[in-house]
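Report on the structure
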Amino acid sequence: MAPHENRPTRCCGAQNAFPRLARTDQLNPFERNILAVARHFFQTFACPAGQIWIEGFRQADQLFAPHDAAQHAFGTLNTVQKMRIARKSTFKFSNPLCPGCASLLTENERQLTSALAAVRTSQRSAAHVHAMLLTEGNDPQPMLLAMHRLCDFAAHERQTHDHVGTSGAV
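Quantities reported herein were computed from a predicted structural model and do not represent experimental measurements.

A few words now on the overall build of the protein chain. Check the secondary structure of the protein chain and you find eight helices and zero strands. Split into buried and exposed, the 170 residues of the protein chain put 42% on the buried side. Across the protein chain, contacts joining residues at least 24 apart in sequence account for 66% of those joining residues at least 6 apart. If you sum the accessible surface of the protein chain, you get close to 9800 Å²; carbon and sulfur atoms cover 57% of it.

So, in structure tokens, the structure goes:
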């Protein structure tokens, strides 16, 4: 049986309707890749019958080293889930299956990637502010802890790869 494809055949035109929205190509590669994976989980929660979460793991496999992909996908899902538990309103996200929409950042996604960037760069106050906005004033600590774990794993893996890649250099 052939795998089910959920990809649209054409863009919905969102990039023309919202020319002032921030674009994903302005993000750091780490935040951009995590957002790409997270969007598939957002889509799954929005439309559970679509089973798009599977694409999230496939996306991680394409964006991260093979031995790191599952950990990045799980860390992203854990972060998304902690945020979902804390929020009361709907998280607005761009459609990961539409190339035009996927190039744009919603305000919620901008807050998420900003929080992730602040955690990654050890900017505790900025991370807390973005997390408070994402959790709508509810306890941001579980989400921040999940983000820290994700960023710590990525930093450790990056250092390990850098060390392994240069250990034989003369």
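This part is about the packing of helix 6 (residues 107–120) against helix 7 (residues 124–134). Close contact between helix 6 and helix 7 brings their axes to 8 Å; oriented N to C, the two are set at 150°. In terms of axis orientation, helix 6 runs roughly antiparallel to helix 7. Between helix 6 and helix 7 lies a crossing of left-handed hand. Taken together, the residues of helix 7 that come into contact with helix 6 (itself represented by Asn108, Gln111, Leu112, Ser114, Ala115, Ala118 and Val119) are Ala126, Ala127, His130, Ala131, Leu133 and Leu134. The residue makeup of the contact of helix 6 with helix 7, split by class, is nine nonpolar, four polar and no charged.

Within the secondary structure, Ser103 is located in the loop between helix 5 (99–102) and helix 6. With relative accessibility at 16%, the residue Ser103 sits in the buried group. Beyond its immediate chain neighbours, meaning those up to four positions away, Ser103 contacts Ala22, Arg23, Thr24 and Arg39.

Another point: the nonpolar core. Within the largest apolar cluster, 27 residues are counted, with the highest numbers of intra-cluster contacts made by Phe30, Phe42, Met83, Leu112, Leu116, Leu134 and Met147. If you list the elements that add at least two residues to this core, you get helix 2 (29–46), helix 4 (66–86), helix 6, helix 7 and helix 8 (141–166). Apart from the residues within four sequence positions on either side, Met83 is in contact with Phe42, Phe91, Leu112, Leu134 and Met143.

The next thing to look at is the packing of aromatic side chains. Tallied over the entire structure, the rule returns four aromatic pairs. Residues Phe42 and Phe91 carry aromatic rings whose centres are separated by 4.5 Å and whose planes lie at 35° to one another, so their mutual orientation is tilted. Here Phe91 lies in the loop between helix 4 and helix 5 and Phe42 lies in helix 2, a separation of 49 residues in the sequence. Here Phe42 matches Phe91 in class, with each residue buried. Consider the rings of Trp53 and Phe57, whose centres lie 6.2 Å apart with planes at 90°: the pair is edge-to-face. You can see Trp53 and its partner Phe57 sitting in helix 3 (residues 53–63), four residues apart, about one turn around the helix. Look at Phe57 and you get partly exposed, because its relative accessible area is 30%. Here Arg84 stacks its cationic end above the ring of Phe45, 3.6 Å away from the centre of that ring.

Moving on to the side chain of His72. Among the structural elements, His72 can be located in helix 4. Apart from residues lying up to four places away in sequence, His72 is in contact with Phe30, Ile34, Phe64, Leu150, Phe153 and Ala154.

Overall, the predicted model of the protein chain reaches an average pLDDT of 83, with 79% of residues at or above 70. Per-element confidence in the protein chain ranges from a low mean pLDDT of 52 for helix 1 (residues 14–17) to a high of 97 for helix 7. Overall, residues 1–10 carries pLDDT values under 50, and its contacts beyond four positions in sequence, including any with other chains, amount to nine contacts. Scored below 50 in pLDDT, residues 160–170 shows three contacts in the model against residues more than four places distant or in partner chains.

Calculation criteria
Residues numbered from 1 in each chain as written. Predicted model: local features only at pLDDT ≥ 70, side-chain atom pairs only at ≥ 80, totals over all residues. Heavy atoms only, no water. Helix = DSSP H or I, 4+ residues; strand = E, 2+ residues; numbered from the N terminus. Buried < 20%, exposed > 50% of the residue type's maximum accessible area, 1.4 Å probe, protein only. Contact = heavy atoms within 4.5 Å. Areas by Shrake-Rupley, 256 points an atom, 1.4 Å probe, with all protein chains shown as cover. Axes fitted to C-alpha atoms, helices over the stretch in contact; angles between N-to-C directions. Parallel < 35°, antiparallel > 145°, perpendicular 65-115°, else oblique. Left-handed = near helix turned anticlockwise from the far one by under 90°. Nonpolar A, V, L, I, M, F, W, Y, C, P; charged D, E, K, R; others polar. Core = buried A, V, L, I, M, F, W, Y, C linked by side-chain atoms within 4.5 Å. Phe/Tyr/Trp six-rings, centres within 6.5 Å; stacked < 30°, edge-to-face > 60°. Lys NZ or Arg CZ within 6 Å of the ring centre and 35° of its normal. pLDDT = per-residue confidence, 0-100.

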